[in-house]
Amino acid sequence: MKKVSIIVPLYKSERYLPKLLKSILEQTYTNLEVILVDDGSPDDSGIIADEYKKKDNRISVIHKQNGGCCEARNAGLDIATGYYLMFADGDDWLEPDCVEYLVKIAEENNCEMSTTDAIFTTRDRKQNENDNVRVYDKEQAVASIINTFVIPVGPWNKIYTMDVVRKNSISFSVPWFGEGLYFSVMNAQYSNKMAVGHKKVYNYRLNNPNSGCTVKDVQNGINSLRNIKYIKSKLIVDGPAITNALNWHIWSNNYNLINFIYSASSINKYEKEYNSALHDLKLYAPKVLRHSEIDFKTKLSILLRTFFPITFIKRDNKKAKLAYEKDTME
């Protein structure tokens with residue numbers, strides 16, 4: 001077994017951390033290095049991490065001043081010694097065979113990176129009946145990650161080869177929101193191939209009131225848009241699939257920024273950004289509608305959201321609130 005380093009940034013994670021750590025320590029793949037980074041958390045996350053370190057010598061703990069999850073992951077990267085690299089968020093958890101599965105599909109297909117196209121969430125507990133492992137070349141890998149409706153966004157649910165990370169000086173792009181997308185895309189373009197499974201092995205929490213996906217922070221929306229443009233400038237691979245993916249992602253981020261600004265009742269404060277996002281929504285829509293991987297129903301939705309964004313944002317926010325209220329899974 002090659003060693004796998006798992007880096008976990010911790011901030012206000014005390015409620016969920018024991019479940020995550022239990023799931024990591026009970027992995028069927030046992031050659032692990034678990035690096036817990038207490039990012040100046042104001043709760044007992046750091047104390048819990050220290051307690052688990054005493055129980056298992058595979059765990060190491062870093063305590064640092066708060067600097068955000070990018071800084072925290074980079075701190076973990078600095079000391080990681082594994083052949084492979086993984087990440088997990090402090091409020092999520094792994095299926096027992098998560099590490100074993102991702103290593104297996106990577107090694108069986110001679111790939112330097114692996115992931116799956118499906119995850120469990122606190123609202124979706126049904127496993128896919130049949131697995132389907134595919135091997136993507138660099139262009140397919142990059143495009144599928146940027147198309148976040150193909151591969152779940154985030155640095156988690158993926159295994160990277162540490163040699164690729166080190167040789168290409170890949171780290172987290174502080175302070176941009178969407179840093180996981182940057183990290184994954186950079187690894188995809190520098191890895192030889194990427195194995196993509198269909199089995200759900202990672203559990204993503206949707207009911208954490210403190211997570212970036214729950215809290216609609218306008219600055220996060222602005223940073224996310226900057227991030228995809230930064231990713232575009234750093235790509236060394238190209239092709240129609242990547243161009244289509246970039247156009248869709250930029251359109252999507254502009255829509256999200258409109259959502260964040262409107263939902264925060266901050267149109268006057270962010271008037272320039274709001275009007276720019278409305279403009280770019282219409283600018284990118286025709287490019288997105290030519291995207292061959294998007295089905296007709298989704299294209300119709302994109303067209304309507306482009307011209308009537310607030311109508312759909314109101315509806316989406318109402319649905320999201322109801323879903324959040326019903327999501328009581330611990």
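Quick look at the structure, then. (Residues numbered from 1 in each chain as written. Predicted model: local features only at pLDDT ≥ 70, side-chain atom pairs only at ≥ 80, totals over all residues. Heavy atoms only, no water.)

1. Side note on the overall build of the chain
1) Next: Across its full length, the chain carries twelve helices and eleven strands.
2) Next: Its C-alpha atoms give the chain a radius of gyration of 20 Å, within 12% of the compact-globule value 20 Å for 330 residues.
3) Next: Out of the 330 residues belonging to the chain, those deemed buried represent 53%.
4) Next: Intrachain contacts of the chain at a sequence separation of at least 6 include 83% that bridge at least 24 residues.
5) Next: Total accessible area on the chain stands at roughly 15,100 Å², and carbon and sulfur atoms take up 51% of it. (Helix = DSSP H or I, 4+ residues; strand = E, 2+ residues; numbered from the N terminus. Rg over C-alpha atoms; globule rule 2.2 N^0.38 Å. Buried < 20%, exposed > 50% of the residue type's maximum accessible area, 1.4 Å probe, protein only. Contact = heavy atoms within 4.5 Å. Areas by Shrake-Rupley, 256 points an atom, 1.4 Å probe, with all protein chains shown as cover.)

2. Digging into the sheet that holds strand S2 (residues 32-39)
1) Next: Across the sheet, eight strands lie side by side as S3-S2-S1-S4-S9-S6-S10-S8; this open sheet has mixed pairing. The open sheet is flanked by strand S3 (59-64) and strand S8 (134-136), the only strands paired with a single partner. Taking the axes of each pair of neighbouring strands and ignoring which way they run, one obtains an average angle of 20° across the sheet.
2) Next: In this sheet, strand S10 (residues 194-197) lies alongside strand S6 (residues 113-116) in parallel orientation, the contact comprising four bridges. The residue bridging Thr116 from the neighbouring strand is Gly197, located in S10.
3) Next: In the packing of helix H1 (residues 17-25) onto the sheet, contacts are made with strand S1 (4-10), S2 and S3, and the angle to S1 comes to roughly 180°.
4) Next: Together, S1, S2, S3 and strand S4 (84-87) form the strand contacts of helix H3 (residues 69-79), whose direction differs from that of S2 by roughly 145°. (Pairing = 2+ DSSP bridges. Axes fitted to C-alpha atoms, helices over the stretch in contact; angles between N-to-C directions.)

3. Examining the packing of helix H7 (residues 179-190) against helix H8 (residues 218-234)
1) Next: At a minimum axis separation of 10 Å, H7 and H8 run at an interaxial angle of 15°. Comparing the axis directions of H7 and H8 gives the class roughly parallel. You can see that H7 and H8 cross each other, and the crossing is right-handed. The segment H7 lies against H8, with Glu179, Leu181, Tyr182, Val185, Met186 and Gln189 engaging Asn227, Ile228, Tyr230, Ile231 and Lys234.
2) Next: Residue composition of the contact of H7 with H8, grouped by class: seven nonpolar, two polar and two charged. (Parallel < 35°, antiparallel > 145°, perpendicular 65-115°, else oblique. Left-handed = near helix turned anticlockwise from the far one by under 90°. Nonpolar A, V, L, I, M, F, W, Y, C, P; charged D, E, K, R; others polar.)

4. Things to note about the side chain of Arg305
1) Next: By the secondary structure assignment, Arg305 is in helix H11 (residues 296-307).
2) Next: Using a relative accessible area of 14% as the deciding quantity, one classes Arg305 as buried.
3) Next: At 2.9 Å, the side chain of Arg305 and the side chain of Tyr255 are in polar contact.
4) Next: Residues within four places of Arg305 in sequence aside, it is in contact with Trp251, Tyr255, Leu281, Phe312, Arg315 and Asp316. (Polar contact = N/O pair within 3.5 Å; in protein donor to acceptor, adjacent residues only side chain to side chain.)

5. Focus on helix H12 (residues 309-326)
1) Next: Here H12 is 18 residues long and its end C-alpha atoms lie 26 Å apart, about the 26 Å a rise of 1.5 Å per residue gives.
2) Next: Listed in full, the buried residues belonging to H12 are Pro309, Phe312 and Ile313. Looking down the long axis of H12, one finds its buried residues gathered within 100° of arc, a one-sided arrangement. Within H12, the exposed residues directed more than 90 degrees away from the buried face are Thr311, Lys318, Lys319, Lys321 and Lys326.
3) Next: For H12, the elements touching its buried residues are helix H9 (240-263), helix H10 (271-289) and H11. (Expected span 1.5 Å × (residues − 1). Arc of directions from axis to C-beta.)

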